[in-house]
Amino acid sequence: MKRVLICSFCVVLCIAMIAFALYSLFDNLPKEGKWKGVITQYKQAYPGQLALIIIFLIVGHVGLLISVPILVMTIREEYF
């Protein structure tokens, strides 16, 4: 039961990292004018924000690729 909770927490954490990165990216896009929603007009809120967003996206996706199969195997071991 403890391993299932830990794996579930890891999956939720990875999803939260991806959501944070996407929200941060879309939050700084222009919201009006002719450049509305165009990614080439992205303005960083602080230096290095784009690098942080890319790191969060990569770590979140790799974490999902690792933690979901581990969660499935753990559930299979403990309950079936």
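Below, the structure is looked at part by part. Predicted, not measured: the structure shown is a model, and the values here were computed from it.

1. Considerations on the overall build of the protein
In terms of helices and strands, the protein carries two helices and zero strands. Computed over its C-alpha atoms, the radius of gyration of the protein comes to 17 Å, more than 25% above the 12 Å expected for a compact globule of 80 residues. Dimensions along the principal axes, computed over C-alpha positions, put the protein at roughly 55 × 20 × 15 Å. Put simply, of all contacts in the protein between residues at least 6 apart along the chain, 66% involve residues at least 24 apart. With the model as given, the accessible surface of the protein reaches about 6,000 Å², and the carbon-plus-sulfur share is 75%.

2. Overview of the pattern of salt bridges
Counting across every chain of the model gives two salt bridges. Two residues, Glu77 and Arg3, come together in a salt bridge whose shortest N-O distance is 2.8 Å. Of this pair, Glu77 sits in helix H2 (residues 49-79) while Arg3 sits in helix H1 (residues 2-27), and the two are 74 residues apart along the sequence. In this structure Glu77 comes out as exposed when scored by relative accessible area, which is 56%. A salt bridge links Glu78 to Arg3, with the shortest nitrogen-to-oxygen separation between them at 3.6 Å.

3. Side note on H1
Its 26 residues place the ends of H1 37 Å apart at the C-alpha level, agreeing with the 38 Å of an ideal helix rising 1.5 Å per residue. Turning to H1, its buried residues number three or more, namely Val4, Cys7, Val11, Cys14, Met17, Ile18, Ala21, Ser24 and Leu25. Looking at the buried residues of H1, the elements they touch are H2.

4. Overview of the environment of Tyr23
Inspection of the secondary structure assignment puts Tyr23 in helix H1. Tyr23 sits in the exposed class, given a relative accessible area of 56%. For the pair Tyr23 and Ile53, spaced 30 residues apart in sequence, the C-alpha separation works out to 9.5 Å.

5. Remarks on the packing of aromatic side chains
Inspection of every chain in the model, using the stated rule, returns one aromatic pair. Look at Phe20 and Phe56: their rings are 5.3 Å apart centre to centre, the planes differ by 50°, and that puts the pair in the tilted class. In this pair, Phe20 sits in helix H1 while Phe56 sits in helix H2, placing the two residues 36 residues apart along the sequence. On the basis of relative accessibility, which here comes to 25%, the residue Phe56 falls in the partly exposed class.

What counts, and at which threshold
Residues numbered from 1 in each chain as written. Predicted model: local features only at pLDDT ≥ 70, side-chain atom pairs only at ≥ 80, totals over all residues. Heavy atoms only, no water. Helix = DSSP H or I, 4+ residues; strand = E, 2+ residues; numbered from the N terminus. Rg over C-alpha atoms; globule rule 2.2 N^0.38 Å. Contact = heavy atoms within 4.5 Å. Areas by Shrake-Rupley, 256 points an atom, 1.4 Å probe, with all protein chains shown as cover. Salt bridge = Lys/Arg side-chain N within 4 Å of Asp/Glu carboxyl O. Buried < 20%, exposed > 50% of the residue type's maximum accessible area, 1.4 Å probe, protein only. Expected span 1.5 Å × (residues − 1). Phe/Tyr/Trp six-rings, centres within 6.5 Å; stacked < 30°, edge-to-face > 60°.

Keep in mind these numbers describe shape, not what the thing actually does.
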